[in-house]
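Residue-level structural notes
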Amino acid sequence: KAGVTQTPRYLIKTRGQQVTLSCSPISGHRSVSWYQQTPGQGLQFLFEYFSETQRNKGNFPGRFSGRQFSNSRSEMNVSTLELGDSALYLCASSSDGGNTIYFGEGSWLTVV
Amino acid sequence: GENVEQHPSTLSVQEGDSAVIKCTYSDSASNYFPWYKQELGKRPQLIIDIRSNVGEKKDQRIAVTLNKTAKHFSLHITETQPEDSAVYFCAATSGGGADGLTFGKGTHLIIQP
C-alpha cells in the first residue's frame, strides 16, 4: 500500500507570492492533517480535513488555508508569503480521523 | 490548549546502553500519546504509542510508560544501536488526529560507538 504522497518536494518562492502544496493520503484514509515543522517552533498543527470538511484548525493566521477533495486528496495554500513561512510542511493521513497518523515526506518551502 | 514539554533536548549514550526520554503534558483530557522518530531529512515515523487506559507498552527494544496522575510519559530504548540515532518527538492529544497532535520540541539522540 502506497504511503502519503506530497508534491512538490522542494520549492523556492519570493516574499509576497502564494504557494499551493498537494497531498495524497494512504488509500482508504479519509482524514488528512497538515503540520508545519521549523527548527524554532518544532512541529505545529495547521488543520485537519475529513470528508471535505475542515474539522479543526491550529493557531495560524488566515493566510494558511486548505481544502480536501472528494477523493480525499488535500491541498494547502499559503498566501502573501513571509520569510518566516520557510519550513517543512508535512501532510499526515489517518483512517476516519483516528489517533494514529502517518506522515508523508513533506514539502520543503524556502521563502526568499 | 495542550502543552507538551520534552527533556532532554540532546541525549548522548554509549552503544549498548539504555536511553530514556521524558515528556510532560498539561491537559488531563489527553488520552493518546505517540512517539515519532525522525532521521535527518526524512519524515517522522511512528515507533510506538500508548493510550490512557494502559500504563506501559513494549515493542522489542522500545517501551513507553505513562503516569496519568503526574501527567508524564517516557520512552525507553534498551541496547541502543547506531541506527537509533535520530530526533525523537513525543506528542499528546485528547481528540485523535482530528484535533491535531501537540508535539514536544524533540530530543536529538546520539549513539556513541
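Residues numbered from 1 in each chain as written. Chains lettered and ligands numbered in written order. Predicted model: local features only at pLDDT ≥ 70, side-chain atom pairs only at ≥ 80, totals over all residues. Heavy atoms only, no water.

1. Re the overall build of chain B
Going by this rule: Counting from the N terminus, the helices are DSSP H or I runs at least four residues long and the strands are E runs at least two residues long. Here the globule rule reads 2.2 Å times residues to the power 0.38, and the radius of gyration is calculated from C-alpha atoms. Working definition: with a 1.4 Å probe on protein chains only, accessible area under 20% of the residue-type maximum means buried, over 50% means exposed, and in between means partly exposed. What makes two residues a contact is simply this: any of their non-hydrogen atoms within 4.5 Å. Surface exposure here means Shrake-Rupley accessible area, sampled with a 1.4 Å probe, where a residue is shielded only by the protein chains that are shown.
Of regular secondary structure, chain B possesses zero helices and eleven strands. Against the compact-globule benchmark of 13 Å for 113 residues, chain B has a radius of gyration of 13 Å, which places it among compact chains. Seen along its three principal axes, the alpha-carbon backbone of chain B occupies a region of about 40 × 30 × 20 Å. Burial statistics for chain B: of 113 residues in total, 43% are counted as buried. The contacts of chain B with a sequence gap of at least 6 include a subset with a gap of at least 24, amounting to 53%. Summing over all exposed atoms, chain B offers an accessible surface of approximately 5,500 Å²; the carbon and sulfur share of this is 46%.

2. Structural notes on the state of the cysteines
Working definition: the covalent bond between the sulfur atoms of two cysteines is a disulfide. The line we're drawing: The rule for a disulfide is simple: a pair of cysteine sulfur atoms within 2.5 Å.
A full pass over the atoms with the stated rule returns two disulfides over all chains. The disulfide that involves C23(A) links it to C91(A), with 1.8 Å between the sulfurs. Where C23(A) bonds to C91(A) through sulfur, the torsion about that S-S bond is close to -65 degrees, and the disulfide is left-handed. In this pair, C23(A) is assigned in strand β3 (residues 19-24) and C91(A) in strand β9 (residues 87-94), connecting sequence segments 68 residues apart. Across this residue pair, the class does not change: C23(A) and C91(A) are buried. Each disulfide pairs two cysteine sulfurs, and for C23(B) the partner residue is C90(B), the sulfurs being separated by 1.9 Å. Taking the sign of the S-S torsion, -100 degrees for the link of C23(B) and C90(B), the bridge is left-handed. Of this pair, C23(B) sits in strand β3 (residues 19-25) while C90(B) sits in strand β9 (residues 86-92), and the two are 67 residues apart along the sequence.

3. Considering the interface of chain B and chain A
Size of an interface, as often reported, equals the accessible area lost when the parts are brought together. Applied cut-off: Note: buried area is the sum, over both parts, of the accessible area (probe 1.4 Å) each one loses when the two are combined. Any N or O atom pair separated by 3.5 Å or less is treated as a polar contact, with the protein-specific requirement of one donor-capable and one acceptor-capable atom, and with residues adjacent in sequence counted only for side-chain atom pairs.
Taken residue by residue, the interface counts 20 residues in chain B and 21 residues in chain A. Taking both sides of the interface into account, the surface hidden between chain B and chain A amounts to around 1,700 Å²; carbon and sulfur atoms contribute 49%. Inspection of the chain B/chain A interface yields seven residue pairs in polar contact (both at pLDDT 80 or more). Breaking the side of chain B that touches chain A down by element, the ones donating at least two residues are β4 (32-38) and β5 (45-51) of chain B.

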